[in-house]
Amino acid sequence: MPLKLTTYYRGSKVPDLPGTNTFHSTELFHIYEATSGYSPILIVASQDGKPVAKLLAVLRKSSRLFPPAFILRCEVYGTGEYFDETSDKEAIFSEMLQRLTVEALRNSFLIEFRNLENAMFGYKSFRDNRYFAVNWLRVRNSLHNADRVEARFSPSRIRQIKKGFKNGAQVKEAHTQEEIRQFARMLHKNYSSKIRRHFPSLNFFQQLEKQMTESSRSKIFIVTYKEKIIGGSACIYSDDNAYLWFSGGMRKTYALQYPGILAVWKALDDAKQRGYRHLEFMDVGLPFRKHGYREFVLRFGGKQISTRRWFRFRWKWLNRVLMWIYE
């Protein structure tokens, strides 16, 4: 029976689908859909009327790349989710990738596949669809081989955490709309311009709380001092892994409270208490370039892992040049 592909652009049209991968979930589709500047694309592969795989991508506004204007870029976390272990996953992915490439390049300037669990999966399909690979780094903390999450921390990190609490800082999970609003505002002002140029709107964090908290697929932690939010982190959970998506703190104004450090510690400690095997820090930069955030998180005892990201540009001449460079 031939594979049937269905593309969804509206959450109201998406049927009930199986799966446990948060990065390709209906919940994340709804979060993207409700966030200004974001447009999700969900491709579902079916055989005999039964879904066998799905692939979620998002088109978002970006000002990171040339030309110096707002453009649309398409991002995909992983290479999809597959429900039938006996099916040919590579063949299914090849067809979904071809469909996504055509759909996304109608409007976006760039397609990027990141956070690949298996760096070799889909290699031929990416090449056949004119993608090129760039070596990248991941930083992941193992949480299952030690009694306490601090076991792999550097001595200086442990001292800073203790000092932060001693100097009046407190850490808790955010729940109210006002807490989330203040958290997003703080993070945008004090962090996004230093670590990453792109930062989602307030709707993203509000929907993260609304769509995924009940299913325990996300949490937002805040660091407070005298009832003011001075730091925080946003995490997402998929299968047996935790992912720290955004974090930061007002480290200059509240240096003695170490808000950025406490925000990361809380994310790690909570993931450890809930039984997750790993916590991964998302977007820690290129391997051949120094990255302040990567150096910061490595002091929490994580390990660097080599991986790759796949890219495809809309401009054919530019894509050919980059394919030649990264051959």
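Summarised in this report is the structure supplied together with it. Think of each chain on its own: its residues are numbered from 1, step by step along the sequence as written. A pLDDT threshold of at least 70 governs which residues receive local features in this predicted model, and a stricter bar of 80 or more applies before side-chain atom pairs are shown or counted, although totals over entire chains, interfaces and linings include all residues. Only heavy atoms go into the side-chain values, all of them from the structure, while hydrogens and water stay out.

### Brief notes about the overall build of the protein
Labels follow the DSSP assignment, with helices taken as runs of H or I lasting at least four residues and strands as runs of E lasting at least two, numbered in each case from the N terminus. In terms of helices and strands, the protein carries 10 helices and 13 strands. As a reference, a globule follows 2.2 Å times the number of residues to the power 0.38, and the radius of gyration itself is taken over C-alpha atoms. Taking 20 Å as the expected radius of gyration for a compact globule of 327 residues, we find that the protein reaches 20 Å, a close match to that expectation. In terms of overall dimensions, the protein has a C-alpha envelope of 65 × 40 × 40 Å along the principal axes. When accessible area is computed with a 1.4 Å probe and restricted to protein chains, residues below 20% of their type maximum are described as buried, those above 50% as exposed, and intermediate ones as partly exposed. Taking all 327 residues of the protein together, 57% fall into the buried category. All accessibility values rest on the Shrake-Rupley procedure with a 1.4 Å probe; residue burial counts only the protein chains present in the view. Counting only carbon and sulfur atoms, one obtains 49% of the accessible surface of the protein, whose full area is about 15900 Å². For the purpose of charge, His is not counted, nor are the chain termini; Lys and Arg are scored as positive and Asp and Glu as negative. Working definition for charges: the position is that of NZ of Lys, CZ of Arg, CG of Asp or CD of Glu. Looking at the protein, you have 54 positive and 31 negative side-chain charges, and the mean spots of the two groups are 10 Å apart.

### Details of empty space enclosed by the protein
Here a cavity denotes grid points, spaced 1 Å and computed from the protein atoms alone, that fit a 1.4 Å probe unable to get out, and a pocket denotes an open set having protein on both sides within 12 Å along at least 5 of 7 lines; residues with an atom within 4 Å of a point are the lining. Grid points are joined across faces, edges and corners, and a volume is the space filled by probe spheres set on the points. The full count for this structure, using the stated rule, is three cavities of 30 Å³ or more. A volume near 80 Å³ is recorded for the second largest cavity. Around the second largest cavity sit 14 residues that line it, and Asn 115, Trp 136, Leu 137, Arg 138 and Arg 309 are the ones nearest its centre. Among the secondary structure elements, those contributing two or more residues to the lining of the second largest cavity are β7 (132-142), β12 (278-281) and β13 (303-313). The residue classification treats Ala, Val, Leu, Ile, Met, Phe, Trp, Tyr, Cys and Pro as nonpolar and Asp, Glu, Lys and Arg as charged. All others, Gly included, are polar. When its residues are assigned to classes, the lining of the second largest cavity shows six nonpolar, two polar and six charged.

### Looking at helix α10 (residues 316-325)
Among the residues of α10, those classed as buried are Leu 318, Asn 319, Leu 322 and Met 323. Looking straight down α10, one finds its buried side chains confined to an arc of 135°; they lie on one side. Of the exposed residues in α10, those oriented more than 90 degrees away from the buried face are Lys 316, Trp 317 and Trp 324. In what follows, residue pairs with any heavy atoms lying within 4.5 Å of each other are defined as contacts. In this fold, the buried residues of α10 make contact with β7 and β13. As used here, the arc belongs to the directions running from the helix axis to the C-beta atoms.

### A word on the side chain of Thr 224
Among the structural elements, Thr 224 can be located in strand β9 (residues 218-225). Leave out the neighbours within four places in its chain, and Thr 224 touches Gly 168, Ala 169, Gln 170, Ile 229 and Ile 230.

### Focus on the packing of helix α1 (residues 26-34) against helix α7 (residues 202-212)
Note on method: axes are straight lines fitted to C-alpha atoms, helices fitted across the in-contact stretch only, with angles between N-to-C directions ranging 0 to 180 degrees. Between α1 and α7, the least distance of the axes is 9 Å, while the angle of their chain directions is 150°. When the axes of α1 and α7 are compared, the pair comes out roughly antiparallel. At the point where α1 passes α7, the crossing takes the right-handed sense. Here α1 contributes Glu 27, Leu 28, His 30, Ile 31, Tyr 32 and Ala 34 to the contact with α7, which in turn contributes Asn 203, Phe 204, Gln 207, Leu 208, Gln 211 and Met 212. Reported orientations rely on four angle classes, namely roughly parallel under 35 degrees, roughly antiparallel over 145, roughly perpendicular from 65 to 115, and oblique for the rest. Crossing handedness is defined as follows: a turn of the near helix away from the far one that is anticlockwise and smaller than a right angle gives a left-handed crossing, while the clockwise case is right-handed.

### Focus: a nonpolar patch on the surface
On the surface, Trp 315, Trp 317, Val 321, Trp 324, Ile 325 and Tyr 326 cluster together into a nonpolar patch covering about 680 Å² of accessible area. Following the sequence through the fold, Ile 325 ends up in helix α10. Each patch is built from residues that are more than 30% exposed by relative accessible area and take part in no salt bridge. Like charges join if they lie within 9 Å; nonpolar side chains (Val, Leu, Ile, Met, Phe, Trp, Tyr) join within 5 Å. Salt bridges are counted wherever a side-chain nitrogen of Lys or Arg sits within 4 Å of a carboxyl oxygen of Asp or Glu.

### Considering the environment of Asn 118
Among the secondary structure elements, Asn 118 is positioned in the loop between β6 (110-114) and α3 (123-128). Owing to a relative accessible area of 46%, Asn 118 belongs among the partly exposed residues under this scheme. Each C-alpha atom of the pair Asn 118 and Thr 307 lies 8.3 Å from the other, and the pair is 189 residues apart in sequence.

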